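Spelled out, the chains give:
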Amino acid sequence: MVANKKRILAETKRLGKELLQSRAYVNNAPLLLSMLAASCSSSASAPTSAIAVASLTEALHCLQAFFVPLIRSGEFSASARKKAAENLLKGGRVGGEKGTEDGENDRAEAIYRSWVWDRYLEFSSTLVRIVAGHAIVPSFRIAALHSVMELVKNEVPGKFNNKLYFKLCSNLICSKGFSGDILGVFVSDYFKYPDVVYFTYSSIEQMAIKVNAKKLTGRTTVLARSEIMGVKCSVHDKIRNMFDVLVNLPTSASQEDQKTTDELLWGMTFFHKRQRSRLSKAWLSFLKLPLPLDIYKKVLAQLHKRVIPFLSNPILLSDFLTSSYNVGGLISVMALNGLFILITSHGLEYPDFYNKLYALLEPSIFVSKHRARFFELMDSSLKSSHLPAYLAAAFAKKLARLSLSAPPAGCLLVIAMVHNLLRRHPAINCLVHRDTRNTNTSGKETNTIKVADGRLGRDPFLASEPDTAKCNALESSLWEIETLRSHYCPAVSRFVASLETDLTVRRKTTEVAVSDFSSGSYSTIFAEEVSKRLKAVPLAFYQTVPTTLFPENPTDDFLGWRFGDNAVKEQNAEDGAVSHKHKNDHIASPVKPIRSDGESEQEHRNGHVASTCTLSNSNNESEQETVPPPSKKRK
């Protein structure tokens, strides 16, 4: 088997060497092409051995070395092929003035060029099929990719062959042959050229339009019917492949490509404007596709830094971002970043922005993956001093209410946010301290807090109200922050003290950086506490060295204390003993003895006790004599 493969390798080298030496061996080209076509056919198994892959690579390089010089010479340009076709139609005579011998030579040359051109088209199609083949060895696919890009560069002299390149991109993205190895070659070797980047954006736009048209009409496009040569993939896989290409495309030219001359600088600027327009069209066409959830989240995470700064008109993303912001949950949190940029930098008007942002304040936001960026954006959104007081009060109150169920890191973040809101908006400082009663002009005390359900002191704040203007936040107080003074985490209870200063005096106070607390967690709080250097260390004294963290009987370390579980058990034991005694009393003396006329109350009671003891003892000891109750003779 190995000897046979080595013989095939030697034969391939001989055929390639002869093909490059003379036209007489031009028929070796179909033989080499058949070897390449057999490697990517669905019926044959893909070659895996090193010798077989080496044979195919040798055939590929020989054919590339044969066709590329012919293409560079201009013999297969569009005008040359058109002239050859005319010669064939006219029977080898150009204008009917040439001799028979010259006409035959021209006809033979035209036939030869037409034949070679057909073999070239077959070669380019085979290379594209190899690149898109998912069962072919990656090294051979990468070699085929380099050959295709060489043909794209040289097929049309002085121009980029977009037709062949679009064929390559469409087959690669719409088939299962798309892989990280092929994409890595594009990124490292070809995406550094501006023309490749430009036409890649153009190809993505055309493919997105065709995929979207198929989704809307339900009809298979021409691209899906005839141009895809590999194993087709699903619509969602196509969308994932498009996204992988888009996020790896450079958004601007590298600095080493920038020229200093005015003419080249003007030309480069003009090209950048066209590339910017092409980038915008590609992304807008892609965002119209039915994005799967994983790609949807990745797109929202990339828009603000890789797309919006480079779009020709970023406001065109407003429909996509507002619809994403209205979805709710994590999607809304991720869409907030891009929407905030459009509002602050591009003049987008979105009246319902703050109500939607208010609706995102839920307990789950403190454990969200994107909580850091979310709270930083919310802090930036609430910086304006022109915001109404009810809006700032609603956010401060809602955050304070969430702190009751938030983890310690979330409580620290809430305190920082409330601190900044109270400092920026002095009108809501009434939430810090509110008197429940006030004296009117007649000297009588009246309630200043709305009484809900007729009970003074009940919080009028409506936590479930989605409208910030109707939640009654200004009529409430920040009593939740006061409860944090007794928080079990020392860092939280200490940080509450920052709200004791008069925050209305801005020159004496500073804002708290929310970014310092937005990424906090249990681990960060623990690491901060452990890293502290304490001057006085609390010590614990034990009579014996403990063997466990928590003893089985906690009263051993806390003498005189009664803990919850033990206290309940002791109380239950006492209640059981009392009930058992009452039960025995009821059984021992089912009939109340009758006191005689001359018998005193004390004597009667003593007689009753004695009779009870006698009855109870007679049940347990049959041999014991019964002691009669004392009695007196009747007078």
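Parameters at a glance
- Residues numbered from 1 in each chain as written.
- Predicted model: local features only at pLDDT ≥ 70, side-chain atom pairs only at ≥ 80, totals over all residues.
- Heavy atoms only, no water.
- UniProt positions renumbered as here; feature names shortened; annotations may be inferred.
- Patch = residues over 30% accessible without salt bridge, like charges linked within 9 Å, V, L, I, M, F, W, Y side chains within 5 Å.
- Areas by Shrake-Rupley, 256 points an atom, 1.4 Å probe, with all protein chains shown as cover.
- Salt bridge = Lys/Arg side-chain N within 4 Å of Asp/Glu carboxyl O.
- Helix = DSSP H or I, 4+ residues; strand = E, 2+ residues; numbered from the N terminus.
- Buried < 20%, exposed > 50% of the residue type's maximum accessible area, 1.4 Å probe, protein only.
- Axes fitted to C-alpha atoms, helices over the stretch in contact; angles between N-to-C directions.
- Parallel < 35°, antiparallel > 145°, perpendicular 65-115°, else oblique.
- Contact = heavy atoms within 4.5 Å.
- Nonpolar A, V, L, I, M, F, W, Y, C, P; charged D, E, K, R; others polar.
- Core = buried A, V, L, I, M, F, W, Y, C linked by side-chain atoms within 4.5 Å.
- Polar contact = N/O pair within 3.5 Å; in protein donor to acceptor, adjacent residues only side chain to side chain.
- pLDDT = per-residue confidence, 0-100.
- Phe/Tyr/Trp six-rings, centres within 6.5 Å; stacked < 30°, edge-to-face > 60°.
- Lys NZ or Arg CZ within 6 Å of the ring centre and 35° of its normal.
- Expected span 1.5 Å × (residues − 1).
- Arc of directions from axis to C-beta.

Per an unreviewed UniProt entry, the chain carries the name CCAAT-binding factor domain-containing protein and comes from Sphagnum jensenii. The heading Sequence similarities (unreviewed entry) in the UniProt record of the chain holds the text "Belongs to the CBF/MAK21 family."

*Asks:* An account of a nonpolar patch on the surface is requested, with residue identities and associated values reported.
*Replies:* On the surface, Leu534, Val537 and Leu539 cluster together into a nonpolar patch covering about 350 Å² of accessible area. The topology assignment puts Val537 in the loop between helix 22 (522-531) and helix 23 (564-588). The exposure class of Val537 is exposed, given its relative accessible area of 54%.

*Asks:* Please provide a residue-by-residue account of the packing of helix 17 (residues 371-381) against helix 19 (residues 408-424), values included.
*Replies:* One can describe the packing of helix 17 onto helix 19 by two numbers: an axis separation of 11 Å at closest approach and a directional angle of 10°. Comparing their axes, helix 19 and helix 17 come out roughly parallel. Residues Phe375, Met378 and Asp379 of helix 17 pack against Leu413, Met417, Asn420 and Arg424 of helix 19. Along the lines of polarity and charge, the residues of the contact of helix 17 with helix 19 split into 4 nonpolar, 1 polar and 2 charged.

*Asks:* Give me the lowdown on the side chain of Thr468, citing residues and values where you can.
*Replies:* With respect to the secondary-structure elements, Thr468 resides in the loop between strand 2 (445-447) and helix 20 (479-483). Among residues more than four places away in sequence, those in contact with Thr468 are Asn355, Tyr358, Tyr390, Leu391 and Ala394.

*Asks:* Requested: an account of the environment of Cys489, with residues and values cited.
*Replies:* Inspection of the secondary structure assignment puts Cys489 in the loop between helix 20 and helix 21 (490-495). Considered as a pair, Cys489 and Pro408 are 81 residues apart in the sequence and their alpha carbons are 6.6 Å apart. Setting aside residues up to four positions removed in sequence, Cys489 forms contacts with Pro408 and Ile525.

*Asks:* So what's going on with the environment of Ser385? Which residues, and what values?
*Replies:* Turning to its location among the elements, Ser385 is positioned in the loop between helix 17 and helix 18 (389-402). Residue classification places Ser385 among the exposed positions, given a relative accessible area of 56%. For the pair formed by Ser385 and Pro426, sequence separation is 41 residues and the distance between their alpha carbons is 9.6 Å.

*Asks:* I'd love a proper account of the nonpolar core, names of residues and values included.
*Replies:* Membership of the largest hydrophobic core comes to 152 residues, with the highest contact counts inside it found for Tyr165, Phe186, Phe286, Leu291, Phe374 and Met378. Filtering out sequence-adjacent residues up to four positions away, Phe186 remains in contact with Leu145, Met149, Tyr165, Leu168, Leu172 and Phe191.

*Asks:* A description of the pattern of salt bridges should follow, citing residues and the corresponding values.
*Replies:* Across all of its chains, the model carries 19 salt bridges by this definition. With a closest N to O distance of 2.8 Å, Arg14 and Glu18 form a salt bridge. Of this pair, Arg14 and Glu18 are both found in helix 1 (residues 2-21), 4 residues apart, which corresponds to roughly one turn of the helix. We classify Glu18 as buried; its relative accessible area is 17%. Residue Glu529 pairs with Arg494 through a salt bridge whose shortest N-O separation is 3.2 Å. Separated by 35 residues along the polypeptide, Glu529 in helix 22 and Arg494 in helix 21 bring together distant segments of the chain.

*Asks:* An account of the packing of helix 3 (residues 50-72) against helix 6 (residues 138-154) is needed here, citing residue identities and associated values.
*Replies:* To describe two helices that pack against each other, one gives the angle between their axes and the distance between the axes. It is at 11 Å that the axes of helix 3 and helix 6 come closest, and there the two elements cross at 0°. As the angle between them shows, helix 3 and helix 6 are arranged roughly parallel. Listed contacts from helix 6 to Val53, Leu56, Thr57, Leu60, Gln64, Val68, Ile71 and Arg72 of helix 3 are Ser139, Phe140, Ala143, Ala144, Ser147, Glu150, Leu151 and Asn154. Taken together, the residues of the contact of helix 3 with helix 6 sort by class into 9 nonpolar, 5 polar and 2 charged.

*Asks:* Pulling in residues and values, what's your account of the environment of Asn28?
*Replies:* Within the fold, Asn28 resides in helix 2 (residues 28-39). In this structure Asn28 comes out as buried when scored by relative accessible area, which is 9%. Between the C-alpha atoms of Asn28 and Gly16, which are 12 residues apart in sequence, the distance is 7.4 Å. Beyond its immediate stretch of four places on either side in the chain, Asn28 contacts Leu15, Glu18 and Leu19.

*Asks:* Can you explain the side chain of Asn420? Please cite residues and give values.
*Replies:* With respect to the secondary-structure elements, Asn420 resides in helix 19. Note on Asn420: relative accessible area 0%, which makes it buried. Looking at Asn420, its side chain comes within polar contact range of the side chain of Asp379, at 3.4 Å. Apart from the residues within four sequence positions on either side, Asn420 is in contact with Asp379, Glu511, Val512 and Val514.

*Asks:* Give me the lowdown on the confidence of the model for the chain, citing residues and values where you can.
*Replies:* A residue-level look at the chain finds 72% of positions with pLDDT of 70 or above and a mean pLDDT of 78. When pLDDT is averaged over each element of the chain, helix 18 comes out on top at 94 and helix 24 (residues 601-620) at the bottom at 43. Residue range residues 92-98 is modelled with pLDDT below 50. Its contacts to residues more than four positions away, or to other chains, number 10 contacts. Across residues 253-267, confidence stays below pLDDT 50; counting only partners more than four residues off in sequence or on other chains, it has 8 contacts.

*Asks:* Please give an account of the packing of aromatic side chains that cites residues and values.
*Replies:* For the structure on display, the rule yields 20 aromatic pairs. When the ring of Phe66 is compared with that of Phe67, the centres are 5.0 Å apart and the planes differ by 70°; the resulting orientation is edge-to-face. Residue classification places Phe66 among the buried positions, given a relative accessible area of 11%. Each ring, one from Phe495 and one from Phe517, has its centre 5.1 Å from the other, and the planes form 20°; the classification is stacked. Remark: Phe517 occurs in the loop between helix 21 and helix 22 and Phe495 occurs in helix 21; sequence separation between them is 22 residues. Positioned over the ring face of Tyr358 is Lys398, at 4.5 Å from the centre of the ring.

*Asks:* Please set out helix 18 residue by residue, giving values where relevant.
*Replies:* The end-to-end C-alpha distance of helix 18, which contains 14 residues, comes to 20 Å, matching closely the 20 Å that a straight helix rising 1.5 Å per residue would cover. Among the 14 residues in helix 18, 11 count as buried, and that is most of the element. Of the surrounding elements, those touching the buried residues of helix 18 are helix 16 (353-359), helix 17, helix 19 and helix 20.

*Asks:* Please set out helix 2 residue by residue, giving values where relevant.
*Replies:* Between its first and last C-alpha atoms helix 2 spans 17 Å; for 12 residues at 1.5 Å apiece the expected length is 16 Å, and the two agree. Residues of helix 2 that are buried include every one of Asn28, Ala29, Leu32, Leu33, Leu36 and Ser39, and no others. One face of helix 2 carries all of its buried residues, which in axial projection span an arc of 135°.

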